[in-house]
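Given next are the chains, with one letter for each unit.
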Amino acid sequence: MIGLKTKELHLSIVVTVFLLILIGLIVLKSISFHHQGSFLSNPFNKQIIFLIPAITLALIIIFIPRYSIHKYSYPFYVIGIIIVLLPFFGDLHSNTFRWLDLGLPFKIQPSEFAKVFTTIALARYLSDHTIQMKKFSSIIIPIGFVLIPTMIVMKQPDLGTAIVMLTPVLPMLYWSGARPFYLFLLVAPIFSILTAFQTFSFSIWACILGLVIILARPTLLMSIILFFGNIFLGLISPMAWNSLTLYQQGRIISFLNPEKDPLGAAYQIIQSKTAIGSGGMFGKGWGQGTQTHLKFLPVQESDFILSVIGEEMGFVVIAIVLVLVCFLILQIIKRAFLSKDRFSSLALIGIGSIMLAHVFVNTAMTVGLIPVKGLPFPFISAGGSFLISSFFMVGLVLNLSINYSD
Amino acid sequence: MLKADNIASIRQYYFASCISCCLIALLIIRFFQLQIVDHDQYSKKANTNRIRKVTSSAPRGLILDRNGQILVANLPTYILNAVPGELPDKGATFDFISKIIGVDSILLARNYKKYYRGRFIPTRIAKDLTFSQISRIEENRLNLEGVYFQKFPERYFPSSVRASHILGYVKEVDKDIRSNLNNPLSYELGDIIGWSGLEKSYENDLKGTHGIQFYQVDAFGREAGYVEEFPPRIPEPGKNIITTIDINMQNSLEQHMVGKRGVIIVGIPLTGEILGAVSNPDFRPDLFTGRILEDEWNNVINNQDKPLLNRFNQGLYPPGSIVKMITEAALLDHPDFDPYSSLLCEGSFQFGDRVFGCWNTLGHGNVDLTSAIMQSCDIYFYKTINYYDLDKLAKFFKGFGFGLITGIDIHGEYKGTVPDTDYMNQRYGRFGWSKGALLNFCIGQGEILVTPIQVFNYTNLLATKGRAKRPHFVMSDTLQNITEPSLPLDVWERIIFDMGQVINNINGTGKNANIDLNNINIFGKTGTAENPHGEDHAWFIGWLELHSQVWSVVVLLENAGSGGTVAAPLAKKVFMDILYNYSNINAMVNK
């Protein structure tokens, strides 16, 4: 059995992860160069230490029988909800309930694990039920399923992780055969509201909406309701917004952009872009990044680590990193496609979506495409809980991508 | 496990792969744009312009007395910062600075190490510089690359009073302090933070908000103005706090206590406001600002009389006879107790195989309850202990706030000790103590320990028949309730009558505190507390009524003798101060 497994293990995935970790360690060593403080507060040392439990966990996961993963996915979903609720009973850490303090020298972020548990449970739900995926109603329950832990995480507040937790739903529904048109209808109102504040973007959105409705050819009445319903929603949202008091508007803005100091967030983006831009093709050299060593970015070892790579190693290494990540995700999708069992296939798609969401949100933030959201980059950023949960996902990918029926 | 041949179609597979590739490609294109297309622009920005974030400290709020006079203010001083990454040669720069401003270069290097946080963050190397020292730095600007000055508000104390235990002191935030704070982001290294007294209790009001400036810095490290995208945030000064202290009263109390050890507290019973409080010996309030000499500092630290100890709420003392009114209340609670029947005091009392003496070894003769309070007779209380037990008496003491914190707005308050059965069993074992303990307890000796602020609170409760509010040092719109004893009105009135006798009767132990003037009434009680540290502690508690106004006074003199001969005369001086400051009959007072 074990012989079969090791033969079947996909070396390409292991090698890709290894390369990403290696690049991460090289960068962390540079950041730690001027570090003063205790041994564990040095991000390089911390990363090395946390790799031990992370790799151990991945190895254990590989050898767990797949039916056990399937069998215990619901209990783990419940455990996931409980552990994201636990921090609310503890103390505030930097003004959030994200962290669980168990008296260890580091704190644990339970949402990192809950996101994986939720995805696996969703995979089981979508694979167990011989539900009619073509029906609109059958995509509502899975969404509710994921929304419960997501809302709790959002309340912590941790918008970044909440986004990552919610992301796998659409790809998994798509993968399980839901009509793309219905999925489009789900996200359409969000776009209608978001684009409504600018005439140009709203016009473009209205065109896209019309085009999709024409292509999908629902009944005439349905088309009219859908199109004008969305347009109406878009038209009233600026009015609704203006009818809110300044205090309420402030609450919503600070919810969507939790960085308390807007000056600080914009400042970080400028510093990040300057660091990346000044790196050029080949970078300034390891440990030579003048912008990086401005210690103004409070999270350069995790959220802004790509800025460090961009400045010190240049476009070449950035491109290598992103191509490696792309390769890893394509491999996961390929395993999902080749998989002969529905549960594994869906779980692989879910995990792939989580990783892609992390990469996209983190990188887009670093280069100033989206507002600052505190999310780390898989395998490269320093981080205890995040590193362990990333290896947890790698273990699952390796386990689930073995085809027994071959 | 469910098996199916086609989980997803080839079209779905291509679509999913395609979306993933597009997203990653979008990111790569963005990096290409930043790093290759716009490289020159960003490179220039990185090399010739750096944005430096400089925080400036907000002045702390002022601490005012009840009439708006300043107790604690801020003194503008200058600090010198160095940006480590811009210093061409650290040692040479420090030597040069040392030469032009006369500060030891070793000190500069020590500060540099202490405040260092990163290569491009301004690091403090000197503080408390004068304007002329800063001028000399600016004259040599071109030779001092990477060195900048900044204004820094420091605490100073313009008034004539010391009030050091009330006002407390501030500390400089260092790495240790910062990492232990709940809100580390609100403080920078080198900021000041309230560390004791009101400075600590009202830290959130006093501290204010940092200012932040973003400077554009050119290739020579010179600041080239603010960055346009980021307007500076002006430091927001902390809020002022208005204390209940009256500078004049505080000043008189401090004069009275010169050369003495102990506590005086004066306040308004109904509201709990404290007009003045002294814990002596004390220290200069600017002891902690770092501007005083090391010798003086060592004197304070090594002084055996512990000037740093805040005796109001951290000094634990046996109360002696000042708590006899609580015993009185416990006696009156018993239906069979007759306050008018007389008992004979012969100066000593045999209990089991031990003899307990009265303070008056000749004896008081026949005494009833009122004269027992008036003359502070111990034997009367020994002979009446059968009317209550240890736990009942302890309950009455707790009713008056003993054994509990009062909640005074200065940190570190001690609870003291009120012995009940549980306490005695725990301390001496089930059979390690006898009823003799009650004989000590009923006259305020033995295991019982109290803080002066608890005694002040107790005095306020007596003066207001239980309606007093929590003692406090800072004016507040809402007065806090405290534990209060519920006694019948006639018991309150008897206690108050008896306390009047202590002062007004020719045999009263507190007659030395009396002021013979119309319109005013004085009530009080003396205490002479035996203690293991030498001579007795002298106590006086009481209050003065003038028309509808009431002021309460607590005097404690450590190891000074008897309450009636030492504390009562001092209390009289305090009552005179009250009349002098707060009444229009001061002309009559022979000050």
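Heads up: the structure comes first, above all this text.
Predicted model, so just to flag it, every value in this text is computed and none were measured.

With that settled, consider the overall build of chain A. Along the backbone of chain A there are 17 helices and zero strands. For chain A, the residues scored as buried account for 54% of the 406 residues in total. Considering only contacts within chain A whose residues lie at least 6 apart along the sequence, 73% involve residues at least 24 apart. Here chain A has roughly 17,700 Å² of accessible surface; of this, 74% comes from carbon and sulfur atoms.

Let's shift gears to the overall build of chain B. For chain B, the helix and strand inventory stands at 21 helices and 19 strands. Residue burial in chain B is summarised as follows: out of 591 residues, 54% are buried. Considering only contacts within chain B whose residues lie at least 6 apart along the sequence, 71% involve residues at least 24 apart. Counting every atom, chain B has about 26,700 Å² of accessible surface; 50% of that belongs to carbon and sulfur.

Residue and element names in this part refer to chain A. A surface patch of nonpolar side chains, about 850 Å² in accessible area, is lined by L11, V14, V15, F18, L19, L22, I26, F33 and W286. Note on placement: W286 falls in the loop between α14 (262-279) and α15 (305-338). Taking relative accessible area as the criterion, W286 reaches 40% and is therefore assigned partly exposed.

Take the environment of V359 of chain A next. With respect to the element layout, V359 of chain A can be found in helix α16 (residues 342-366). Placed 18 residues apart in sequence, V359 of chain A and F377 of chain A show a C-alpha to C-alpha distance of 5.6 Å.

Before going further, it helps to spend a moment on the sheet that holds strand β17 (residues 520-531) of chain B. Residue and element names in this part refer to chain B. Pairing in this open sheet of five strands is antiparallel, and the strands run β12-β11-β19-β18-β17 from one edge to the other. Taken across any chain shown, the strands that pair with only one partner, and hence form the sheet edges, are β12 (273-280) and β17. On average, each strand axis in the sheet is tilted by 10° relative to the strand beside it, whichever way the strands run. Looking at chain direction, strand β11 (residues 262-268) and β12 are connected through seven bridges and run antiparallel. Residue G267 lies in a different strand from β12, and its bridge partner there is I274. Running over the sheet, helix α21 (residues 563-582) touches β11, β12, β17, β18 (534-546) and β19 (549-557) and is turned about 30° from β18.

Residue and element names in this part refer to chain B. This structure, assessed with the given rule, holds zero disulfides over all chains. C358 forms no disulfide, and the closest cysteine sulfur to it belongs to C345, at a distance of 4.1 Å. Its relative accessible area of 5% is what places C358 among the buried residues.

Take unusual backbone geometry next. Residue and element names in this part refer to chain B. The peptide bond linking N280 to P281 adopts the cis configuration, its omega dihedral lying at 0°. Following the sequence through the fold, P281 ends up in the loop between β12 and α11 (294-302). Its identity as a non-glycine residue notwithstanding, N559 has a phi of 45°, on the positive side. Position of N559 among the secondary structure elements: in the loop between β19 and α21.

Let us look at the packing of aromatic side chains. Residue and element names in this part refer to chain B. Enumeration over the complete set of coordinates arrives at 33 aromatic pairs over all chains. Arranged with centres 6.2 Å apart and planes meeting at 90°, the rings of Y317 and W539 form a pair that is edge-to-face. Linking Y317 in the loop between α12 (311-314) and α13 (324-332) with W539 in strand β18, this pair joins segments that are 222 residues apart in sequence. Neither Y317 nor W539 differs from the other in exposure class; each is buried.

With that out of the way, let us pick up the nonpolar core. Among the nonpolar cores identified, the biggest contains 120 residues, and L173, W175, I309, F377, F379 and F391 of chain A are the most heavily contacted of them. Looking at which element gives the most residues to this core, the answer is α15 of chain A, with 19 residues. Not counting residues within four places of it along the chain, the set of residues in contact with I309 of chain A comprises I23, V27, G314, V317, I318 and I380 of chain A. Listed in part, the 116 residues of the second largest apolar core include M325, V450, V502 and V574 of chain B.

Moving on to the environment of Y387 of chain B. Residues and elements named next belong to chain B. Its place among the elements puts Y387 in the loop between α15 (378-383) and α16 (390-399). Sequence spacing of Y387 and H334 is 53 residues, and the spatial spacing of their C-alpha atoms is 6.3 Å. When near neighbours in sequence (up to four residues on either side) are disregarded, Y387 contacts L331, H334, D336, F337 and K392.

Residue and element names in this part refer to chain B. Inspection of the secondary structure assignment puts E545 in strand β18. Sequence separation of E545 and I522 is 23 residues, and the distance between their C-alpha atoms is 6.3 Å. Excluding anything up to four places from it in sequence, E545 contacts N519, I520, N521, F523 and V550.

Residue and element names in this part refer to chain B. Along helix α10 (residues 247-256), seven of the ten residues are buried, which leaves the element largely enclosed by surrounding structure. Among the residues of α10, I247, M249, Q250, S252, L253, E254 and H256 are the ones counted as buried. Check the buried side of α10 and you find it contacts β3 (70-82), α6 (164-167), β11, β12 and α21. Looking at where α10 begins, the residue whose side-chain oxygen comes 2.9 Å from the main-chain nitrogen of N248 is D246.

All right, on to the pattern of salt bridges then. Throughout the structure, instances matching the rule amount to 20 salt bridges over all chains. A salt bridge links E311 of chain A to K284 of chain A; the shortest N-O distance between them is 2.6 Å. Pair noted here: E311 of chain A is in helix α15 and K284 of chain A is in the loop between α14 and α15, with a separation of 27 residues, a long-range link. For E311 of chain A, a relative accessible area of 0% translates into the label buried. The partly exposed category is assigned to K284 of chain A, whose relative accessible area is 25%. Here the salt bridges share partners, and the residues they tie into one network are K114, R124, K127, E154 and E172 of chain B.

This paragraph deals with the packing of helix α2 (residues 11-31) of chain A against α15 of chain A. All names here are of chain A. Packing of α2 against α15 brings their axes to within 10 Å, and their N-to-C directions diverge by 165°. Regarding the angle of α2 to α15, the classification is roughly antiparallel. Helix-helix and strand crossings are classified by hand; for α2 and α15 the assignment is left-handed. Side by side, α2 and α15 meet where S12, I13, T16, V17, L19, L20, I23, I26, V27, L28, S30 and I31 of the first sit next to I305, V308, I309, E312, M313, V317, V321, L324, V325, F327, L328 and Q331 of the second. Of the residues assigned to the contact of α2 with α15, the class counts are 19 nonpolar, four polar and one charged.

The next thing to look at is the pairing of β17 of chain B. Residue and element names in this part refer to chain B. For β17, the tally of buried residues reaches nine of twelve residues, placing the bulk of the element in the interior. Inspection of the sheet shows β17 paired to β18 by eleven bridges, in the antiparallel sense. Each residue of the ladder has a partner; that of A529, found in β18, is H537. A loop of two residues connects β17 with β18, the two strands running antiparallel in sequence.

With that out of the way, let us pick up the side chain of S345 of chain A. Looking at the element boundaries, S345 of chain A is found in helix α16. In this view, S345 of chain A contacts W175, A336 and S339 of chain A together with I7 of chain B; residues no more than four positions away in its chain are not counted.

Quick look at the packing of helix α6 (residues 111-128) of chain A against helix α17 (residues 384-400) of chain A now. Angle between the axes and distance between the axes: these two values describe a pair of packed helices. Residues and elements named next belong to chain A. Closest axis-to-axis distance for the α6/α17 pair is 8 Å, and the angle between their directions is 25°. It follows that α6 is roughly parallel to α17 by the angle criterion. Between α6, through E112, F113, K115, V116, F117 and I120, and α17, the contact on the second element is made entirely by S385, F386, I388, S389, F392, M393 and L396. Classifying every residue of the contact of α6 with α17 gives nine nonpolar, two polar and two charged.

Criteria and thresholds
- Residues numbered from 1 in each chain as written.
- Chains lettered and ligands numbered in written order.
- Predicted model: local features only at pLDDT ≥ 70, side-chain atom pairs only at ≥ 80, totals over all residues.
- Heavy atoms only, no water.
- Helix = DSSP H or I, 4+ residues; strand = E, 2+ residues; numbered from the N terminus.
- Buried < 20%, exposed > 50% of the residue type's maximum accessible area, 1.4 Å probe, protein only.
- Contact = heavy atoms within 4.5 Å.
- Areas by Shrake-Rupley, 256 points an atom, 1.4 Å probe, with all protein chains shown as cover.
- Patch = residues over 30% accessible without salt bridge, like charges linked within 9 Å, V, L, I, M, F, W, Y side chains within 5 Å.
- Salt bridge = Lys/Arg side-chain N within 4 Å of Asp/Glu carboxyl O.
- Pairing = 2+ DSSP bridges.
- Axes fitted to C-alpha atoms, helices over the stretch in contact; angles between N-to-C directions.
- Disulfide = S-S within 2.5 Å.
- Phe/Tyr/Trp six-rings, centres within 6.5 Å; stacked < 30°, edge-to-face > 60°.
- Core = buried A, V, L, I, M, F, W, Y, C linked by side-chain atoms within 4.5 Å.
- Polar contact = N/O pair within 3.5 Å; in protein donor to acceptor, adjacent residues only side chain to side chain.
- Parallel < 35°, antiparallel > 145°, perpendicular 65-115°, else oblique.
- Left-handed = near helix turned anticlockwise from the far one by under 90°.
- Nonpolar A, V, L, I, M, F, W, Y, C, P; charged D, E, K, R; others polar.

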